[in-house]
Amino acid sequence: MITDKTDGNTRKSRQRTALLELLRSTRSHPTASWLYDRLKEEFPDLSLGTVYRNLSMLADRGMVRVLRSGSTFDRFDADTSAHYHVVCEA
């Protein structure tokens, strides 16, 4: 759960909470765009930039893992436990 004040500059956000809940609800490793598309209906004023900023903040706090596989888009994982990610290059 995201607390009301995680540091001196950050407050609890409905959008951030919904983003983290959505990411935790899937076993896939979605892109920021995938997450944005699913949250846009609930938050019509949401921007893709806001999604990226919140994912970055959650990653900095160790709540989300960023998966960089050398493809065009990073993917994200809310399961921060030690586990493998395999990329097929065939």
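Residues numbered from 1 in each chain as written. Predicted model: local features only at pLDDT ≥ 70, side-chain atom pairs only at ≥ 80, totals over all residues. Heavy atoms only, no water.

Trainee: I would appreciate a short explanation of the nonpolar core in the present structure.
Mentor: One broad rule of soluble globular proteins: the nonpolar side chains tend to lie buried together. Counting 18 residues, the largest nonpolar core has Leu19, Leu23, Leu35, Leu39, Val51 and Leu55 as its most contacted members. Going through the elements one at a time, α1 (14-24), α2 (32-39) and α3 (48-60) are the ones with two or more residues in this core. Of all the elements, α1 adds the most residues to this core, at five residues. Once you skip the residues sitting within four places of it in the chain, valine 51 turns out to touch Leu19, Ala32, Leu35, Tyr36 and Leu46. (Core = buried A, V, L, I, M, F, W, Y, C linked by side-chain atoms within 4.5 Å. Buried < 20%, exposed > 50% of the residue type's maximum accessible area, 1.4 Å probe, protein only. Helix = DSSP H or I, 4+ residues; strand = E, 2+ residues; numbered from the N terminus. Contact = heavy atoms within 4.5 Å.)

Trainee: What's the story with the side chain of asparagine 54 in this structure? I'm lost.
Mentor: Residue position: asparagine 54 is located in helix α3. Judged by relative accessible area, asparagine 54 falls into the buried class, the value being 8%. What asparagine 54 contacts, discounting residues up to four positions off in sequence, is Arg16 and Leu19.

Trainee: Sorry, what's going on with the packing of α1 against α2 here?
Mentor: How two helices sit against one another is set out by the angle between their axes and by the gap between those axes. Taken N-terminus to C-terminus, the directions of α1 and α2 make an angle of 115 degrees; their axes are 11 Å apart at the nearest point. Here α2 runs roughly perpendicular to α1, going by the angle between their axes. In the packing of α1 onto α2, the handedness of the crossing is right-handed. Contacts from Ala18, Leu19, Leu22 and Leu23 in α1 reach Trp34, Leu35, Arg38 and Leu39 in α2. Partitioned by chemical class, the residues of the contact of α1 with α2 number seven nonpolar, no polar and one charged. (Axes fitted to C-alpha atoms, helices over the stretch in contact; angles between N-to-C directions. Parallel < 35°, antiparallel > 145°, perpendicular 65-115°, else oblique. Left-handed = near helix turned anticlockwise from the far one by under 90°. Nonpolar A, V, L, I, M, F, W, Y, C, P; charged D, E, K, R; others polar.)

Trainee: Help me understand the packing of α2 against α3, please; the structure alone is not making it clear to me.
Mentor: Where α2 contacts α3, the axes come no closer than 9 Å and their chain directions differ by 120 degrees. Taken together, the axis directions place α2 and α3 in an arrangement best described as oblique. Remark: the crossing between α2 and α3 carries right-handed chirality. Touching Ala32, Ser33, Leu35 and Tyr36 of α2 are Leu48, Val51, Tyr52 and Leu55, all from α3. Here the contact of α2 with α3 is built from residues that sort into seven nonpolar, one polar and no charged.

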